[in-house]
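An overview of the molecular structure
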Amino acid sequence: SQTIHQWPATLVQPVGSPLSLECTVEGTSNPNLYWYRQAAGRGLQLLFYSVGIGQISSEVPQNLSASRPQDRQFILSSKKLLLSDSGFYLCAWSARQVNTGELFFGEGSRLTVL
Amino acid sequence: GNSVTQMEGPVTLSEEAFLTINCTYTATGYPSLFWYVQYPGEGLQLLLKATKADDKGSNKGFEATYRKETTSFHLEKGSVQVSDSAVYFCALRAGNKLVFGAGTILRVKS
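Residues numbered from 1 in each chain as written. Chains lettered and ligands numbered in written order. Predicted model: local features only at pLDDT ≥ 70, side-chain atom pairs only at ≥ 80, totals over all residues. Heavy atoms only, no water.

**Looking at the state of the cysteines**
- In total, this model carries 2 disulfides over all chains according to the counting rule given.
- Note on cysteine connectivity: cysteine 23 of chain A is disulfide-linked to cysteine 91 of chain A, with sulfurs 2.0 Å apart. Here the disulfide of cysteine 23 of chain A and cysteine 91 of chain A is left-handed, its torsion about the S-S bond being about -75°. Taken as a pair, cysteine 23 of chain A in strand E3 (residues 19–26) and cysteine 91 of chain A in strand E9 (residues 87–94) lie far apart in primary sequence, 68 residues in all.
- For cysteine 91 of chain A, a relative accessible area of 0% translates into the label buried.
- Here cysteine 23 of chain B engages in a disulfide with cysteine 90 of chain B; their sulfurs sit 1.9 Å apart. With the S-S bond torsion at -70°, the cross-link from cysteine 23 of chain B to cysteine 90 of chain B turns out left-handed. Here the residue cysteine 23 of chain B occupies a position in strand E4 (residues 23–26), and cysteine 90 of chain B occupies one in strand E10 (residues 86–94), the gap between them amounting to 67 residues. (Disulfide = S-S within 2.5 Å. Helix = DSSP H or I, 4+ residues; strand = E, 2+ residues; numbered from the N terminus. Buried < 20%, exposed > 50% of the residue type's maximum accessible area, 1.4 Å probe, protein only.)

**Digging into the interface of chain A and chain B**
- Facing 24 residues of chain A, the contacting portion of chain B comprises 20 residues.
- Summed over both partners, the interface of chain A with chain B comes to about 1700 Å²; 50% of that surface belongs to carbon and sulfur atoms.
- For the pair chain A and chain B, the interface holds 2 salt bridges.
- For lysine 97 of chain B, the salt bridge identified is with glutamate 59 of chain A, shortest N-O distance 3.2 Å.
- Taken together, the connections running from chain A to chain B amount to 7 residue pairs in polar contact (both at pLDDT 80 or more).
- Listed by contribution, the elements that provide at least two residues to the side of chain A that touches chain B are strand E4 (32–38), strand E5 (44–52) and E9 of chain A.
- Among the residues forming the side of chain A that touches chain B, the class breakdown is 12 nonpolar, 8 polar and 4 charged. (Contact = heavy atoms within 4.5 Å. Buried area = accessible area lost by both parts, 1.4 Å probe. Salt bridge = Lys/Arg side-chain N within 4 Å of Asp/Glu carboxyl O. Polar contact = N/O pair within 3.5 Å; in protein donor to acceptor, adjacent residues only side chain to side chain. Nonpolar A, V, L, I, M, F, W, Y, C, P; charged D, E, K, R; others polar.)

**Observations regarding the pairing of strand E8 (residues 62–65) of chain B**
All names here are of chain B.
- Two elements, strand E7 (residues 56–59) and E8, share 4 bridges in a ladder whose sense is antiparallel. In the strand pairing of E8, serine 58 is matched with glutamate 63.
- In textbook terms, the turn of a hairpin is the stretch between consecutive antiparallel strands, and for E7 and E8 this stretch comprises 2 residues, one of which, lysine 60, has a positive phi near 55°.
- Two strands pair when backbone bridges link them, and E8 and strand E9 (residues 75–77) are joined in this way by 3 bridges, in the antiparallel orientation. Paired with glutamate 63 across the two strands is glutamate 76, which belongs to E9. (Pairing = 2+ DSSP bridges.)

**Comments concerning the packing of aromatic side chains**
- Under the definition given, this model contains 13 aromatic pairs over all chains.
- Ring geometry for phenylalanine 105 of chain A against tyrosine 36 of chain B: centres 5.5 Å apart, planes inclined by 85°, an arrangement best described as edge-to-face. Of this pair, phenylalanine 105 of chain A sits in strand E10 (residues 104–105) while tyrosine 36 of chain B sits in strand E5 (residues 33–38), placing the two residues on different chains. In this structure, phenylalanine 105 of chain A and tyrosine 36 of chain B share a single accessibility class: buried.
- Measuring from ring centre to ring centre gives 6.2 Å for phenylalanine 89 of chain B and phenylalanine 100 of chain B, while their planes differ by 90°; the resulting arrangement is edge-to-face. Of this pair, phenylalanine 89 of chain B sits in strand E10 while phenylalanine 100 of chain B is found in strand E11 (residues 97–100), placing the two residues 11 residues apart along the sequence. A single burial state applies to phenylalanine 89 of chain B and to phenylalanine 100 of chain B, both of which are buried.
- The rings of Tyr34, Tyr36, Tyr49 and Phe105 of chain A together with Phe34, Tyr36, Phe89 and Phe100 of chain B are connected pair by pair, giving a single aromatic cluster. (Phe/Tyr/Trp six-rings, centres within 6.5 Å; stacked < 30°, edge-to-face > 60°.)

This is the structure:
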């Protein structure tokens, strides 16, 4: 069966520090991969998605970047965190060829920037 | 563009009450529609889905019917439990992406 793992689960970082959140998927090949952010009291905002290694689409201009160094690995990064980067970050995957299919989410990473 | 509008919460109900959470969408064509649930401190889990008009998705006593004529996908449950307290998200599939509504907090009191 397929599984998705995110880490770290919780992170407290000072303003201006770097960030790296990692996500890996097991049990499937060639998935589409996604990073969403959920700010406190708000809905889900799609940040990045990827349809293949090295292929990243950015949905909104921001202080963050994403990379996909391997087929089932998706990394969210920042060189210098801002207070506004605080939130709950969710990684997700979907089957590449199924346009009607759902996304499967990880457990999330809660980032607090102080 | 593609968008999803959900009723604002929080929705507070007593146990065994009837639940409706409204969801309407704007999209090109006929996208797949989903309801996700998020329990406190967790990621999102798929609750149910429908891939074409008039389909009814159902799971754990929850139901939603894909209504093309009203562009709606309202979530219903006949008798809620305290364990149903969570945030519920309506979403549509637009190509490679899922577009989510803002979420509706449900609180069920015993």
